[in-house]
Amino acid sequence: MKNVRVATRRLAFGFKGIVNRKEENTLGWEYSPAAFNFAFEKGALTGGIGIEKARGYLPDTGVTRLEYDPLPEGVYAKAVFMYQRRTNGQYDDRLVVQSPSGDLYYTTVFSYAGWTKIEGYTLTGDATAVNYNYNGKDVLIMSSAECNLAILDGDTVTSVPNAPRFSSLTVHYERVYGCHNGSKNQVWFSDDFDPSNWTASSEAGGFINFADECGDTIAVVSFLNYLYVFREHGIFRLTAFGDQNEFSIKKLFIGSERIYKHTIALCGDRIMFLADDGMHAFDGYSVTDVVPELPFITFKQNAVGTYQGRHYYLACSIDIGELNKGSYYNNTLLRYDLEDGTMETLSGYDIVSVNPCRSHNADDLIVSTGDLRYASLLGMVSDCGKFYSTPTEKIYRGPYGDLGSGRPKVVREVTVHTRYPVDVVLVADGKRYTRHLEGADAPQTLFFGRGGLKVGLELRTDNASALVTPLSANVDFL
């Protein structure tokens, strides 16, 4: 009988993040080709991001939080705008919701109040809004490609029919700037200190024409004392202070790939945006590639990006495998840490809009969802590991491969330290072997004794909380 020489190796299985740009068989066991609804924190696997009912604050406390009421029956949030406001010297910030039918509702951030319908104005289509202090009053300026620009002052809406209809608005040196929906190669600006006056003259408002082939103007962003104009295939810098006779424009970036409007977000010292060739960051001078492990995104035209805290968030559609339970507008909320470059996802849920809520005592990311069970609620992103009351289904896949050897191998045992319940799955030549662990204070060892030419490990749980430190596995190479 021929003796079989066995070499036993103890392999570390860690949690350094997602790497999907390399062939899976070449990855070390410290990386994952795909992970959903888990988070990476200081080398451990934790519970991950989730969504809970959005809450406001009692005034001046910053501590006691109150859940917002559900929207009126049959009303869902297509978009949410932050209306920063003071009344008689007191904070009176509000959330304004646009429904799919164009009706508008608001609720206050700092008191326990229901929803009030805003009468006299309907905002349909792809809407945009910006805060402005007009004649000493805090107002919200709103527009869309389909509707007249309007100024909301408290409960009162004033339409501005002589203004162009805008698909993007921003405030820069006391003027309001907007991408004009009718002439898609123009950027318009209002009279200084008067967003109701769009008369084109040397003493009031006006417009800037773009005559080259960089595509439509899609967004305007005030950043670093300049106004940046994003077009489908380029970025321009407008030097625009008070006197329009001194305006000047410079072309900064031209690309062959399309830029997606709703992913453009000012993120502190950079502007993030998604293009056909991936995610990019713009620092005011040049464009760099970022998020190297960004999953392949489909239906990019639906993607929505924003900034909150130290993270860039992107609602998008990616391949979520078995978590796909139906049709979605966006099936994933991706969170990218701008400081350390880590990325995690909330996957398997329909995300329609993401909007930062920054006001006195509040800094939240407000979310609306297409899930009919929760569509009348406003949610907010947290680290709860749940989608409202239901724990997320968390999946971590380690690399599946031959561990650098064409010899058969047997995973003898795996040692796991987990504080909460988790399933450990060995995948060997396509067959799956599952062992369940309850949480414990000390490491636990699972016996498998199974193997093949290719092996891999997975971790799964539907528990809201998770805390798993790096594993180790004894593997026999035959």
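The coordinates are above.
Described below are features of the structure shown in this document.

Reading the values: the criteria
- Residues numbered from 1 in each chain as written.
- Predicted model: local features only at pLDDT ≥ 70, side-chain atom pairs only at ≥ 80, totals over all residues.
- Heavy atoms only, no water.
- Helix = DSSP H or I, 4+ residues; strand = E, 2+ residues; numbered from the N terminus.
- Contact = heavy atoms within 4.5 Å.
- Areas by Shrake-Rupley, 256 points an atom, 1.4 Å probe, with all protein chains shown as cover.
- Lys, Arg positive; Asp, Glu negative; His and termini not counted.
- Charge placed at Lys NZ, Arg CZ, Asp CG, Glu CD.
- Phe/Tyr/Trp six-rings, centres within 6.5 Å; stacked < 30°, edge-to-face > 60°.
- Buried < 20%, exposed > 50% of the residue type's maximum accessible area, 1.4 Å probe, protein only.
- Pairing = 2+ DSSP bridges.
- Axes fitted to C-alpha atoms, helices over the stretch in contact; angles between N-to-C directions.
- Polar contact = N/O pair within 3.5 Å; in protein donor to acceptor, adjacent residues only side chain to side chain.
- Salt bridge = Lys/Arg side-chain N within 4 Å of Asp/Glu carboxyl O.

**Things to note about the overall build of the protein chain**
Here is step 1 of the chain: Helices and strands together make up the secondary structure of the protein chain, namely zero helices and 45 strands.
Here is step 2 of the chain: Dimensions along the principal axes, computed over C-alpha positions, put the protein chain at roughly 100 × 50 × 35 Å.
Here is step 3 of the chain: Within the protein chain, contacts between residues at least 6 apart in sequence are counted, and of these 54% link residues at least 24 apart.
Here is step 4 of the chain: Just so you have it, the protein chain exposes about 20900 Å², and 47% of that area is on carbon and sulfur atoms.
Here is step 5 of the chain: Seen as two clouds, the 46 positive and the 57 negative side-chain charges of the protein chain have centres 9 Å apart.

**Here we look at the packing of aromatic side chains**
Here is step 1 of the chain: Counted by the stated rule, this structure contains 22 aromatic pairs.
Here is step 2 of the chain: Ring centres of Tyr374 and Phe387 lie 5.3 Å apart, and the angle between their planes is 90°; on these two criteria the pair is classed as edge-to-face. In this pair, Tyr374 is assigned in the loop between strand S35 (362–369) and strand S36 (379–382) and Phe387 in strand S37 (residues 386–387), connecting sequence segments 13 residues apart. For the pair formed by Tyr374 and Phe387, the shared burial category is buried.

**Here's the deal with the pairing of strand S44 (residues 455–461)**
Here is step 1 of the chain: Of all the seven residues making up S44, seven are buried; the element is thus mostly covered by neighbouring parts of the structure.
Here is step 2 of the chain: Covered by surrounding structure in S44 are Val455, Leu457, Leu459 and Thr461 together with Gly456, Glu458 and Arg460, the residues of both alternating faces.
Here is step 3 of the chain: Alignment of strand S39 (residues 394–397) against S44, held across four bridges, turns out to be antiparallel. Opposite Arg397, over in S44, you have Glu458 as the bridge partner.
Here is step 4 of the chain: The pairing of strand S41 (residues 422–428) with S44 spans six bridges and is antiparallel. Residue Ala428 lies in a different strand from S44, and its bridge partner there is Val455.

**A word on the sheet that holds strand S17 (residues 156–160)**
Here is step 1 of the chain: Read from one edge to the other, the open sheet built from four strands follows the order S14-S15-S16-S17, with strand pairing classed as antiparallel. Of all the strands in the sheet, the pair left with one neighbour each is strand S14 (127–134) and S17. Adjacent strand axes in the sheet meet at a mean angle of 25° when their direction is disregarded.
Here is step 2 of the chain: Taken together, the eight bridges between S14 and strand S15 (residues 137–144) define a ladder with antiparallel strand orientation.

**Remarks on the side chain of Gln186**
Here is step 1 of the chain: Secondary-structure assignment places Gln186 in strand S20 (residues 186–189).
Here is step 2 of the chain: Polar side-chain contacts of Gln186 include one of 2.8 Å to the side chain of Trp188.
Here is step 3 of the chain: In this structure the side chain of Gln186 is engaged in a polar contact, spanning 3.0 Å, whose partner is the side chain of Asn209.
Here is step 4 of the chain: The contact partners of Gln186, leaving out residues within four places of it in the chain, are Gly178, Cys179, His180, Phe207, Ile208, Asn209 and Thr217.

**A short note on the side chain of Thr345**
Here is step 1 of the chain: Positionally, Thr345 belongs in strand S33 (residues 343–347).
Here is step 2 of the chain: Side chain to side chain, Thr345 and Ser347 meet in a polar contact 3.4 Å long.
Here is step 3 of the chain: Non-local contacts of Thr345, meaning those with residues more than four positions away in its chain, are made with Ala35, Phe36, Asn37, Ile49, Thr332, Leu333 and Leu334.

**Details of the pattern of salt bridges**
Here is step 1 of the chain: Throughout the structure, instances matching the rule amount to 22 salt bridges.
Here is step 2 of the chain: Residue Lys137 pairs with Asp153 through a salt bridge whose shortest N-O separation is 3.6 Å. Taken together, the residues Lys137 in strand S15 and Asp153 in strand S16 (residues 149–153) connect sequence positions 16 residues apart.
Here is step 3 of the chain: A residue is classified by how much of its surface remains accessible, and Lys137, at 47% relative accessible area, is partly exposed.
Here is step 4 of the chain: Residues Arg335 and Glu344 are paired through a salt bridge, measuring 2.6 Å at the closest nitrogen-oxygen approach.

**Thoughts on the sheet that holds strand S27 (residues 270–275)**
Here is step 1 of the chain: One open sheet accounts for four strands, arranged S26-S27-S28-S29; its pairing is antiparallel. A strand with exactly one partner marks an edge of an open sheet, and here the two such strands are strand S26 (265–267) and strand S29 (287–290). Averaged over all adjacent pairs, the angle separating strand axes in this sheet is 35°, with direction ignored.
Here is step 2 of the chain: Note: S27 against strand S28 (residues 278–282), five bridges, orientation antiparallel. Note that in S28 the partner of Leu274 across the bridge is Met279.

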